[in-house]
Amino acid sequence: MDTSAIPLGDRIVLLGRTIGRDQYQLIKLVVDFEFSEEWYADGSRTAAHWIADKLDVTVSTAREWIRVGRDLRDLPVIDEAFATERISYSKVRTLTRLATVANEAELCGLAEGVPAGLLGRSLAAWSQKNDTDLIRDARQQSERRLTWSVEPDGMVGISCRLPPSEAG
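The structure reproduced in this document is the subject of the present report. (Residues numbered from 1 in each chain as written. Predicted model: local features only at pLDDT ≥ 70, side-chain atom pairs only at ≥ 80, totals over all residues. Heavy atoms only, no water.)

### Some remarks on the overall build of the chain
Each helix and strand in the chain was counted, giving 10 helices and 2 strands. Expressed as a percentage of contacts within the chain between residues at least 6 apart in sequence, the contacts between residues at least 24 apart total 45%. Approximately 11100 Å² of the chain is accessible, and the part contributed by carbon and sulfur atoms is 56%. Measuring between centres, the 21 positive side-chain charges of the chain sit 4 Å from its 26 negative side-chain charges. (Helix = DSSP H or I, 4+ residues; strand = E, 2+ residues; numbered from the N terminus. Contact = heavy atoms within 4.5 Å. Areas by Shrake-Rupley, 256 points an atom, 1.4 Å probe, with all protein chains shown as cover. Lys, Arg positive; Asp, Glu negative; His and termini not counted. Charge placed at Lys NZ, Arg CZ, Asp CG, Glu CD.)

Okay, structure coming up:
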């Protein structure tokens, strides 16, 4: 199909929607693949390593796809919103870090009303109003991490996630 007569913006939106549908299918497949252990029979250390090798992505990207796919198994409202393209993969990634069966409908509704770039801030405000200090502190403690990677120029990049109380 020749799309050259379609304005560039419309072509971008069409392609983006196709990618969104394909991303949903990929997320569902990678988590099924992990449970199949087909990757093990192929000699890979983990499903994420196999996926990274075959799809030419980083292992951390493959791990994140698997994490999101696992989380979606327990979050049917978010899963359905992703499947029907009401929310993007970017929003799903963010939502699955905070959502539970009890709050997913509310959080999904919130996500549908804000751009992906503002969702983290909106969820933080939601958490301040709705989570107990104990729940929020436990989640923040479990999400702490320090990561590093070697950049293409040989420099080492470092990233950390700290609870607000420890970052000051």
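### A word on a nonpolar patch on the surface
Residues Leu-146, Trp-148, Val-150, Val-156 and Ile-158 make up a contiguous nonpolar surface patch of about 610 Å² in total accessible area. Within the residue set of the nonpolar patch, elements represented by two or more residues are strand S1 (145-150) and strand S2 (156-161). A total of 3 residues in the nonpolar patch trace back to one element, the largest contributor, which is S1. Summarising the element assignment, Val-150 is placed in strand S1. (Patch = residues over 30% accessible without salt bridge, like charges linked within 9 Å, V, L, I, M, F, W, Y side chains within 5 Å. Salt bridge = Lys/Arg side-chain N within 4 Å of Asp/Glu carboxyl O.)

### Quick notes on the packing of aromatic side chains
In the structure shown here, the tally under the stated rule is 4 aromatic pairs. Where Phe-33 meets Trp-50, the ring centres are 4.4 Å apart and the plane angle is 40°; that geometry is what we call tilted. Remark: Trp-50 occurs in helix H3 (residues 47-55) and Phe-33 occurs in helix H1 (residues 8-36); sequence separation between them is 17 residues. Phe-33 gets classed as buried once you look at its relative accessible area, which sits at 12%. (Phe/Tyr/Trp six-rings, centres within 6.5 Å; stacked < 30°, edge-to-face > 60°. Buried < 20%, exposed > 50% of the residue type's maximum accessible area, 1.4 Å probe, protein only.)

### Some points on H3
Taken residue by residue, H3 has Ala-47, Ala-48, Ile-51 and Ala-52 as its buried positions. The buried residues of H3 occupy one face: seen down the axis, they fall within an arc of 135°. A distance of 3.3 Å separates the backbone nitrogen of Ala-48 from a side-chain oxygen at the start of H3, and that oxygen is part of Thr-46. Phi for Asp-56, located one or two positions after H3, is positive at around 55°. (Arc of directions from axis to C-beta. Polar contact = N/O pair within 3.5 Å; in protein donor to acceptor, adjacent residues only side chain to side chain.)

### Side note on the pairing of S1
Along S1, only 0 of the 6 residues are buried, which leaves the element largely exposed. Between S1 and S2, which pair antiparallel one after the other, the connecting turn spans 5 residues, and Gly-154 there sits at a positive phi close to 95°. (Pairing = 2+ DSSP bridges.)

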